[in-house]
Amino acid sequence: MSAPLPSYVYRPMTADDLPKAHALSVQLNWPHRLDDWAMLQRVSKAFAVFDGERLIGTAFACPQGDFTTIGLVIVSNDYQGQGIGRKLMENALEACQSSTAILNATLAGAPLYASQGFVEFGRIQQHQGQAQAPLPGPLADGEECRPLREADHARVLELANAGSGLDRQAVLTELFTVVEHSVGIVREGQLWAFALLRPFGRGRCIGPLIAENLEQAQHLIATLLAKIPDAFVRIDIPADCGLADCLEAAGLKKVDTVAQMSRGAAPQANNGVRQFAVVTQAIG
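Report on the accompanying structure. Please read these numbers as outputs of a predicted model, since none were measured by experiment.

A few words now on the packing of aromatic side chains. Evaluation of the coordinates by the stated rule reveals three aromatic pairs. Ring centres of Trp 37 and Phe 60 lie 5.5 Å apart, and the angle between their planes is 65°; on these two criteria the pair is classed as edge-to-face. Separated by 23 residues along the polypeptide, Trp 37 in helix H2 (residues 34–43) and Phe 60 in strand E3 (residues 54–64) bring together distant segments of the chain. Overall, the relative accessible area of 0% leaves Trp 37 in the buried class. Here Phe 60 falls in the buried class, since its relative accessible area comes to 3%. Ring centres of Tyr 113 and Phe 118 lie 6.1 Å apart, and the angle between their planes is 80°; on these two criteria the pair is classed as edge-to-face. One exposure class covers both Tyr 113 and Phe 118, and it is buried.

Shown next as structure tokens:
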């Protein structure tokens, strides 16, 4: 007689589960802090799988308008090969309802997601290291870089939505509570580019960064790095955005590349701006 299949419990993740989820990511050498998990859990539909009292897997689905970003799909090394990850993905996809699912996949994992109907539409490069602040380059005539103010939040949301193609209201509401430094570029009294810096992982993270052009994006990064000399900084950028060389020169080396994948039409930037750095790989 064959052995019975293990009886695992799949259920929504609660705030009380977060320490166990964080401990799982630590075992896998992921950099996320407990606070990073908590922020993601507040803006997402999160799922966990348990073997008794032991949390052995997670998946998050973050609704953002017409799209839902899927991330933090983790299965303990001790439980690989049992279909747990696929079941967690089924839960996450069900949570997407009528929205389009998008995710960032490791290059090794991309074929699995392709078998589930996902198509690659771009790549994200992870850069990190001890930051060496470059001098900000010149801005165009009439442009000024300044700290963001609370009065800018509505325009920041408008730019974040346009640059990412996602509805960032819930995500930005969370980010505004933890941001350490924020800067924007103003022209004729209107905000046209911005970047946020906050604690994350091993140090700080820059993102999102929305701008009209590469020169604005480089200026914003240099301005933020000057505020935190020699800090450990991470930034995740679209591979085709043109920032890689300046990040390398600033000590932020490329350490990984992931595939952007969607299960339907991918989000599109609009209104003359684009996203030069994502919030996180889990949220996009």
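Time to look at the environment of Phe 276. For Phe 276, the position within the fold is in strand E13 (residues 274–277). Distance in space between the C-alpha atoms of Phe 276 and Pro 208 is 7.5 Å, their sequence separation being 68 residues. If we ignore the near neighbours within four places in the chain, the residues touching Phe 276 are Leu 209, Ala 211, Asn 213, Leu 214, Ala 217, Asp 236, Ile 237, Pro 238, Cys 241 and Leu 243.

Here the focus is the pattern of salt bridges. Scanning the entire structure with this criterion turns up 15 salt bridges. One salt bridge in this structure joins Asp 36 and Arg 33, with 2.8 Å as the shortest N-O distance. Among the residues examined, Arg 33 registers a relative accessible area of 27% and is labelled partly exposed. Between Lys 253 and Glu 248 there is a salt bridge, with the nearest N and O atoms lying 3.7 Å from each other. The class of Glu 248 is partly exposed, set by a relative accessible area of 28%.

Judged by nonpolar contacts, the single largest core of 34 residues is most densely connected at Met 13, Trp 37, Phe 60, Leu 175, Phe 194 and Ile 283. Looking at this core, the elements that each hand over two or more residues are helix H1 (18–27), H2, strand E2 (45–51), E3, strand E4 (67–75), helix H5 (153–164), helix H6 (169–178) and strand E9 (190–200). When residues in this core are grouped by element, the largest group, five residues, is from H2. Contacts of Met 13, omitting those with residues within four sequence positions, involve Leu 18, Ala 21, Trp 37, Gln 41, Ala 46, Phe 47, Ala 48, Thr 58 and Phe 60. Counting 26 residues, the second largest nonpolar core, distinct from the first, contains Ala 195, Ile 206, Leu 224 and Ala 231.

Compared with an ideal rise of 1.5 Å per residue, which puts 13 residues at 18 Å, helix H3 (residues 84–96) spans 19 Å between its outermost C-alpha atoms and is within 8% of the ideal. When H3 is considered as a whole, its buried residues turn out to be Ile 84, Leu 88, Met 89, Asn 91, Ala 92, Leu 93, Ala 95 and Cys 96. On the buried face of H3, the contacting elements are strand E1 (9–12), E2, E3, E4, strand E5 (100–106) and helix H4 (110–115). Backbone geometry just downstream of H3 places Gln 97 in the positive-phi region, at approximately 55°.

Their axes nearest at 10 Å, the elements H2 and H6 cross at an angle of 145°. Remark: the crossing between H2 and H6 carries right-handed chirality. In this structure, H2 uses Met 39, Arg 42 and Val 43 to contact H6, whose residues at the interface are Ala 170, Val 171, Glu 174 and Leu 175.

Along the chain, Gly 207 connects to Pro 208 via a cis peptide bond; the corresponding omega equals 0°. Mapped onto the secondary structure, Pro 208 falls in strand E10 (residues 203–211). Phi at Asn 29 is positive, roughly 65°, even though this residue is not glycine. Position of Asn 29 among the secondary structure elements: in the loop between H1 and H2. With relative accessibility at 68%, the residue Asn 29 sits in the exposed group.

What follows covers the packing of H1 against H2. Viewed as axis vectors pointing N to C, H1 and H2 meet at an angle of 120°, and their least axial separation amounts to 9 Å. If you check the angle between H1 and H2, you find them oblique. Here H1 and H2 pass one another in a crossing that is right-handed. Contacts between H1 and H2 involve Leu 18, Pro 19, Ala 21, His 22 and Ser 25 from the first element and Leu 34, Trp 37, Ala 38 and Gln 41 from the second.

Reading the values: rules and limits
- Residues numbered from 1 in each chain as written.
- Predicted model: local features only at pLDDT ≥ 70, side-chain atom pairs only at ≥ 80, totals over all residues.
- Heavy atoms only, no water.
- Phe/Tyr/Trp six-rings, centres within 6.5 Å; stacked < 30°, edge-to-face > 60°.
- Helix = DSSP H or I, 4+ residues; strand = E, 2+ residues; numbered from the N terminus.
- Buried < 20%, exposed > 50% of the residue type's maximum accessible area, 1.4 Å probe, protein only.
- Contact = heavy atoms within 4.5 Å.
- Salt bridge = Lys/Arg side-chain N within 4 Å of Asp/Glu carboxyl O.
- Core = buried A, V, L, I, M, F, W, Y, C linked by side-chain atoms within 4.5 Å.
- Expected span 1.5 Å × (residues − 1).
- Axes fitted to C-alpha atoms, helices over the stretch in contact; angles between N-to-C directions.
- Left-handed = near helix turned anticlockwise from the far one by under 90°.
- Parallel < 35°, antiparallel > 145°, perpendicular 65-115°, else oblique.

Purely spatial values, then, with no claim about function.
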